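Examining the three-dimensional arrangement
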Amino acid sequence: MSNLIDCPECDGDGTVEREVWVRQSATWHGDFGSEVQDCDNCNGKGQIEPLEEDE
Ligand SMILES: [Zn+2]
């Protein structure tokens, strides 16, 4: 009954790319970088249970 759907936050990947402030870099003043993290919405699974109120 509970069909899982692709997570809309990560498109089913289970990971999301976020911009983060990187302090540890070759230069002391830091820089922005992108970091791949587990998706919060699906806990890295890539799929979630659809909300019952959708249908
Ligand atoms: Zn997700």
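Residues numbered from 1 in each chain as written. Predicted model: local features only at pLDDT ≥ 70, side-chain atom pairs only at ≥ 80, totals over all residues. Heavy atoms only, no water.

**Notes on the environment of Asp 40**
Summarising the element assignment, Asp 40 is placed in the loop between β3 (31–38) and β4 (47–48). Note on Asp 40: relative accessible area 60%, which makes it exposed. (Helix = DSSP H or I, 4+ residues; strand = E, 2+ residues; numbered from the N terminus. Buried < 20%, exposed > 50% of the residue type's maximum accessible area, 1.4 Å probe, protein only.)

**With respect to unusual backbone geometry**
Even without glycine at this site, Asp 11 takes up a positive phi of about 55°. Relative to the helices and strands, Asp 11 resides in the loop between β1 (5–6) and β2 (15–22). Among the residues examined, Asp 11 registers a relative accessible area of 62% and is labelled exposed. Within the chain, Asn 43 stands out as a residue other than glycine whose phi angle is a positive 60°. Note that Asn 43 resides in the loop between β3 and β4.

Honestly, it's all geometry; don't read function into it.
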